[in-house]
Amino acid sequence: EITKEESSSDCRIIEGKFKTPMETHLPGLVPEAAHDAYFQMILPKKWESEDYKPVCVHLAGTGDHYYWRRRNLIAKPLLKESRIGSIILENPFYGKRKPEDQVASALHNVSDIFVMGGCLILESLVLFNWCEKEGLGPLGITGLSMGGHMASLAASNYPKPLVLVPCLSWSTA
């Protein structure tokens, strides 16, 4: 579901949400606050080619709540310098998806990080399939630290060619 669309001088920003497949496959495991997956897309106002519309999914590192950091430090420069669109996915247990009784990024249980990973893998697959349906591609996925580790897991579960750029994932995650 697309919830918001706006246009700035240099890009189009689209926000949306969908139900996490993790709740469908393992009901009751995902906290209610994380049932909806939220994302923000940063796209060019006009693609240079109808056959080449590259998009990269960006996963959050530890403590990276909401979209601001990835949008302004990664997605907008990537669009400006290389004409690559971005999808910024909000992690479960972060930002809008954080349970009310959770303080900052401190998960209640060690098992919550496995729930987060399962959600991010499946949600990334949803986004890749949606991008393909919309005629976007080639596709890629990246993340910093924990986000890079989660990107590696998501990429290894996608059955088609995909660019993977995990940053600091093996040294810090």
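To be clear, the structure that these remarks concern was listed above.
Bear in mind the structure is a predicted one, so any value in this text is a computation, not a measurement. (Residues numbered from 1 in each chain as written. Predicted model: local features only at pLDDT ≥ 70, side-chain atom pairs only at ≥ 80, totals over all residues. Heavy atoms only, no water.)

Enquirer: Explain the overall build of the chain here, please?
Expert: Looking only at helices and strands, the chain features 5 helices and 7 strands. When the elements of the chain are put in sequence order from the N terminus, they spell out β-β-α-β-β-α-β-α-β-α-β-α. Relative to the globule expectation of 16 Å for 173 residues, the C-alpha radius of gyration of the chain, 15 Å, shows essentially globular dimensions. Dimensions of the chain, computed from C-alpha atoms along their principal axes, come out at roughly 45 × 30 × 30 Å. Taking all 173 residues of the chain together, 49% fall into the buried category. Within the chain, contacts between residues separated by at least 24 positions form 65% of all contacts whose residues are at least 6 apart in sequence. Accessible surface for the chain amounts to roughly 8,900 Å². Of this, 57% is attributable to carbon and sulfur atoms. (Helix = DSSP H or I, 4+ residues; strand = E, 2+ residues; numbered from the N terminus. Rg over C-alpha atoms; globule rule 2.2 N^0.38 Å. Buried < 20%, exposed > 50% of the residue type's maximum accessible area, 1.4 Å probe, protein only. Contact = heavy atoms within 4.5 Å. Areas by Shrake-Rupley, 256 points an atom, 1.4 Å probe, with all protein chains shown as cover.)

Enquirer: Hey, could you run me through the nonpolar core in this one?
Expert: It is characteristic of soluble globular proteins that their nonpolar side chains tend to be buried jointly. Among the nonpolar cores identified, the biggest contains 35 residues, and Val-55, Leu-59, Ile-87 and Ile-141 are the most heavily contacted of them. Among the secondary structure elements, those contributing two or more residues to this core are strand E2 (12-19), strand E3 (36-43), strand E4 (55-59), strand E5 (85-89), helix H3 (111-133), strand E6 (139-144) and helix H4 (146-155). It is H3 that provides the largest number of residues to this core, a total of 9 residues. Counting residues in hydrophobic clusters, the runner-up holds 8 residues, among them Cys-11, Tyr-67, Ala-75 and Ile-88. (Core = buried A, V, L, I, M, F, W, Y, C linked by side-chain atoms within 4.5 Å.)

Enquirer: Teacher, can you tell me more about the sheet that holds E3 here?
Expert: Across a sheet, paired strands are connected by hydrogen bonds in the backbone, their directions being either parallel or antiparallel. If you trace the 7 strands from one edge of the open sheet to the other, you get E1-E2-E3-E5-E4-E6-E7, paired in mixed fashion. Only two strands of the sheet have a single partner each, and these edge strands are strand E1 (2-7) and strand E7 (163-167). Shown here is a sheet whose adjacent strand axes are inclined to one another by a mean of 15°, direction ignored. Both E4 and E5 contribute to a ladder of 4 bridges, which runs parallel. Within E5, the position partnered with Val-57 by the bridge is Ile-87. Strand contacts of H4: E4, E6 and E7, with the helix running at about 150° to E6, the strand carrying the most contacts. (Pairing = 2+ DSSP bridges. Axes fitted to C-alpha atoms, helices over the stretch in contact; angles between N-to-C directions.)

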